[in-house]
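# Reading the structure
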Amino acid sequence: MKISCYLFGLVLCMHHLSASADVTNASQSGFVNLPATGNTNSAYVLCDTSTNFGLSEKNASNSNQSSVGQCAVSDDKLADSPMNAPLDGFTLVGIISRGVPIPEPYAAAGGEEFATLTDTVWHNNDTKECIFGTHILMKDQTLANGKRWEINDITRGGFSGRPVAIAYFMKPKPNKDYGMPEALFRAGRTYTSVPYDKTGLSLPALQGAPATTKAISKNQSAAVNDNWVDFTTDISFDDADGVTRKMTSMLYIKTTCDQRQPEEKDGAIRLRTTGGNGQEWLEIDVPGLVPFGATIEKY
Amino acid sequence: MKSQLLKLAVIAVLGTSSQAFATGLVSLPAAGLSVSAGTNQPAGTTAWVTCNATGNYGAGSSTAPTTSANNDCAVFPANINTSPVSGFSRITLSDLTSVAITANGENIAYMTSRTFRNTANTECIYGKQISMDTSTTFDYNNSLAGQQYLEVNDFAFGGFSATTDVSAGYYYRPGVSDSSVYRVGRAFTSVQMQADPFDETLVASGFVHRPINGPSVPASGTEINGVGQTASPGATAPTAAQQTSEIRTNWVDFTVDVTGGVDEDGGTEQDAPMMYVRAACTSTAPASLANSVRIRQTGQESQPWVTILASGLARSGANANF
């Protein structure tokens, strides 16, 4: 019942997307709108669910792009280089790639780099739109408790009052050093990450949701928060569930930006462990690029 | 033209076996240095020192440093494993060789580190050499013909706030494809430099050789100060404020011109030289410090601003604050 309501919302969403596709390029769609009010029953949309949220190996891990599900962008230019824009008409504005240290006491010593986070921005001068790209590569580091750091959700702020569409690009071939990227399982217009539910309810409900300022939900629900976008994935240098993906796909947020240059804000990106394999919840704040003039709340 | 100059330089280096004429590391005092007004130069206090003055910051043809010429900031050790200053020994346990630096899951560059310490365990020389990945498919402008490689104009290294007066310099390795260091500064913020579109040997109007410490400096965390990405060099003259760079005692910035392939100015130096910072340290081994290495493309031509942050070896207990 809930899923069918969601699908109905998605049809509307896809209809809107195709209407605007005249401006961009219909053949490169894959971008899915995340309305500021959420969809009918969820702040989230489902993307690739074929791996059961990273808990099982994909049936065809190096399959062709047609099988990776919705939200996926397929483009030869992206296969050449992830620095290329996922849509025509966009040019690279800038890249900032940074190490993510884990503070004590979660790390034995502060200052060590546990992951590399890359922020990329492309701009379309005709449509006054920006695409914010997010990519994370995990490094060979171990937490103070002896476990590996796992990131289940990446949450980015700065989109209040703006239209948002999301997509991802998953390299079809493994990187010789870092292997295959992980797919995007779902994305939401919300600040709230939702731990994977082994009973199979994969689309968090609006009903019964905690406050819009809650980082990680204790039940399978999340409220809409239009300043934030949550990407659900599953990466670790050595995953406890046995399926290791060291890096994310390229994760995209398309929005409006009157000014070409973005701004950097502290805490604009949150990296969260929601405990798919019994880990303790953890949130790491990282600076990130936001549309010029956007604000980031500290809850 | 450029390769001929390089060959001459290599011969000159090989022909001189002694280090006696090395110019040596230059002092970068926390208080800055005084600079007089001149062409493309306002008067004031500056964090910056000019090193190799040939080649217009890589936009033109640079002449490699030798023991007799173009050697400000240059040192001439036998190889990267040899200390550039006598009285220092290599901390071999801290050697790091060709460690990959990534962005978007792609290898961008590889960093080699060598660290030397004096016998009293009070001073260290932190050496870092970075080579660009030459097989990368990185292309910052798909609409231009060919591949536009990442062009690094500045490397900045952090973790030196505990030292009042650091010194810095570089070793231009003969026989490889090293860039010279054009200037070095006790600064966090890199400053964009562009060449005159009509004469590659001249700096474009408004750009400054040794950025001064005011009167209006960018916010402390600003990676790059300048006019931003431009369609053609020299098309937009920077304001005075767009060419300043504050003295930041925790950082040392090396201005170079390094590209994994042919860049827009035609240069092809794919390697940075070995870059040194001499600063206080202790008997504790150097530690890996996240985000203490900044690799920046500042837009010498039409490049977008790119900053790649990486971990680097620094004094134990140092930080990478601005």
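Calculation rules
- Residues numbered from 1 in each chain as written.
- Chains lettered and ligands numbered in written order.
- Predicted model: local features only at pLDDT ≥ 70, side-chain atom pairs only at ≥ 80, totals over all residues.
- Helix = DSSP H or I, 4+ residues; strand = E, 2+ residues; numbered from the N terminus.
- Rg over C-alpha atoms; globule rule 2.2 N^0.38 Å.
- Buried ≥ 20, exposed ≤ 12 C-beta atoms within 10 Å, placed from the backbone.
- Contact = placed C-beta atoms within 7 Å.
- Nonpolar A, V, L, I, M, F, W, Y, C, P; charged D, E, K, R; others polar.
- Pairing = 2+ DSSP bridges.
- Core = buried A, V, L, I, M, F, W, Y, C linked by C-beta atoms within 7 Å.
- pLDDT = per-residue confidence, 0-100.
- Axes fitted to C-alpha atoms, helices over the stretch in contact; angles between N-to-C directions.

## Here's the deal with the overall build of chain B
Each helix and strand counted, chain B has 1 helix and 19 strands in total. The C-alpha atoms of chain B give a radius of gyration of 18 Å, which matches the 20 Å a tight globule of 322 residues would have. With the C-alpha coordinates aligned to their principal axes, the bounding extent of chain B is approximately 55 × 45 × 40 Å. A total of 322 residues make up chain B; the buried ones form 54% of that total. A fraction of 77% describes how many contacts in chain B between residues 6 or more apart in sequence connect residues 24 or more apart.

## Some words on the overall build of chain A
Across its full length, chain A carries 2 helices and 14 strands. Across chain A, the fraction of contacts at a sequence separation of at least 24, relative to all contacts at a separation of at least 6, is 73%.

## Let's talk about the interface of chain A and chain B
Between chain A and chain B, the residue contacts involve 31 residues of the former and 27 residues of the latter. Sorting the residues of the side of chain A that touches chain B by element identifies α2 (76–80), β3 (91–101), β4 (113–124) and β5 (129–138) of chain A as the ones contributing at least two each. Looking at which element gives the most residues to the side of chain A that touches chain B, the answer is β3(A), with 10 residues. Classifying every residue of the side of chain A that touches chain B by side-chain character gives 12 nonpolar, 13 polar and 6 charged. Pairing between β3(A) and strand β19 (residues 305–314) of chain B: 4 bridges, direction parallel.

## Topic: the nonpolar core
Ile166(A), Tyr168(A), Ala187(A), Phe155(B), Tyr170(B) and Val252(B) are the most contacted members of the largest nonpolar core, which has 155 residues in total. The leading source of residues in this core is β19(B), at 7 residues.

## Structural notes on the environment of Ala320(B)
All names here are of chain B. Turning to its location among the elements, Ala320 is positioned in the segment after β19. With 30 residues separating them along the chain, Ala320 and Ala290 place their C-alpha atoms 7.3 Å apart. With residues near it in sequence (within four places) discarded, Ala320 still touches Gly158, Gly159, Leu289, Ala290, Asn291 and Ser292.

## Things to note about the confidence of the model for chain B
Averaged over all residues, the pLDDT of chain B is 90; the fraction at 70 or higher stands at 93%. Contacts of residues 1–22 of chain B to residues separated by more than four positions or lying in other chains number 23 contacts, the stretch itself having pLDDT below 50.

## Here we look at unusual backbone geometry
Comment: phi is negative for the bulk of residues other than glycine, and the bulk of peptide bonds are trans. The step from Glu104(A) to Pro105(A) runs through a cis peptide bond, and the omega angle for that step is 5°. Tracing the backbone through its elements, the reader meets Pro105(A) in the loop between β3 and β4. For the peptide bond that leads from Gly214(B) to Pro215(B), omega is 5°, which places it in the cis range. Of note in the backbone geometry, Asn40(B) takes a positive phi value of approximately 55° without being a glycine. Topologically, Asn40(B) is positioned in the loop between β2 (33–35) and β3 (44–46).

## As for the sheet that holds strand β2 (residues 44–46) of chain A
Residue and element names in this part refer to chain A. Spatial ordering of the open sheet is given by β2-β9-β10-β6-β13-β14, a layout of 6 strands whose pairing is antiparallel. At either margin of the open sheet sits one strand with a lone partner, and together these are β2 and β14 (282–290). Neighbouring strand axes in the sheet, compared pairwise and without regard to direction, differ in orientation by 25° on average. Two strands pair when backbone bridges link them, and strand β6 (residues 150–157) and strand β10 (residues 228–236) are joined in this way by 7 bridges, in the antiparallel orientation. Residue pairing in the sheet places Gly157 in a bridge with Trp228 of β10.

## Structural notes on the pairing of β5(A)
Moving residue by residue along a regular strand, the side chains alternate between the two faces of the sheet. Residue and element names in this part refer to chain A. Burial runs high along β5: 10 of the 10 residues are buried. Burial of the side chains of β5 extends over both faces: Glu129, Ile131, Gly133, His135 and Leu137 are buried on one face and Cys130, Phe132, Thr134, Ile136 and Met138 on the other. Strand direction decides the pairing type here: β4 and β5, joined by 10 bridges, are antiparallel. Pairing of Leu117 across the sheet is with Ile136, part of β5. Counting the residues between successive antiparallel strands, the hairpin from β4 to β5 contains 4 residues, one of them, Lys128, with a positive phi of roughly 55°. As judged from the 6 bridges shared by β5 and strand β12 (residues 250–256), these two strands associate in the antiparallel manner. Bridged to Gly133 within β12 is Tyr252.

## What to know about the pairing of β19(B)
All names here are of chain B. Counting buried positions along β19 yields 10 of 10 residues, so the element is predominantly enclosed. Neither face of β19 is exposed, since Trp305, Thr307, Leu309, Ser311 and Leu313 on one face and Val306, Ile308, Ala310, Gly312 and Ala314 on the opposite face are all buried. Relative to β19, strand β18 (residues 287–297) runs antiparallel, the two being bridged by 8 bridges. Bridge pairing links Ser288 to Leu313 in β19.

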